[in-house]
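Now for the letters of each chain:
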Amino acid sequence: DLAHDTSRGIDERLDAAQAALAKLESAATQDEWVGAHAAMIRHIDVLEAREAGKLQRWATGLADLDRLLDSGFCPGDLVIIGARPSHGKTAMGMSIGLSMARQRPVAMLSMEMSHVQLNDRITAILGRVPLPEVIRPNGNNTEMWGRVVDATEQAKLLQWSACDTPGLNINQVRAK
């Protein structure tokens, strides 16, 4: 409701949202310790929901990774991709996100790459075109341009959004 309330300024709406979140946080149970037996009784519900197909894992689209993760991510997982610079973190994250965006909404917050750089990578991933060819296209390569058109058509079917605002602090990231 606050997001759509245009009668109030964004700062006022953010303050109201943060106050509502703070209330939720303080209302959370303080005693988080659960005994093994009580936990197992609760966990039976989870196992039954899995068996009934109500709790499914989300495939990443990368078969080897899905195998290592026992079929993908669980809803609510926090996934951090870490590596040294220029080792493919963004490419891997985008490949996973673009694959998942076929079934569910995916948002990518990139504070290092512009929309142009992100879209170069989307074009390469969806069009199966080497990234250097996307960055430095050869006007005579009609096959590459056909793949770019295919990638653009595929993008219509995705629930994908990206934001390239640099230099955000943790509260701004949380708000986005």
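Anyway, here's the lowdown on the structure attached to this text. Keep in mind that what you see is a predicted model, and the values were worked out from it rather than measured.

Before going further, it helps to spend a moment on unusual backbone geometry. Despite not being glycine, serine 71 shows a phi value in the positive range, around 90°. For serine 71, the location among the structural elements is in the loop between α3 (63-68) and α4 (89-100). Residue classification places serine 71 among the partly exposed positions, given a relative accessible area of 49%. Residues other than glycine seldom take positive phi values, yet arginine 128 does so here, at roughly 55°. By secondary structure assignment, the location of arginine 128 is in the loop between α5 (115-127) and α6 (131-135). The exposure class of arginine 128 is exposed, given its relative accessible area of 67%.

Further remarks concern the pairing of strand β1 (residues 106-109). Residues of β1 alternate between two faces, with Val106 and Met108 buried on one and Ala107 and Leu109 left unburied on the opposite face. Across four bridges, the pairing between β1 and strand β2 (residues 160-163) is parallel. Within β2, the position partnered with alanine 107 by the bridge is serine 161.

Calculation rules
Residues numbered from 1 in each chain as written. Predicted model: local features only at pLDDT ≥ 70, side-chain atom pairs only at ≥ 80, totals over all residues. Heavy atoms only, no water. Helix = DSSP H or I, 4+ residues; strand = E, 2+ residues; numbered from the N terminus. Buried < 20%, exposed > 50% of the residue type's maximum accessible area, 1.4 Å probe, protein only. Pairing = 2+ DSSP bridges.

These figures capture arrangement, not role.
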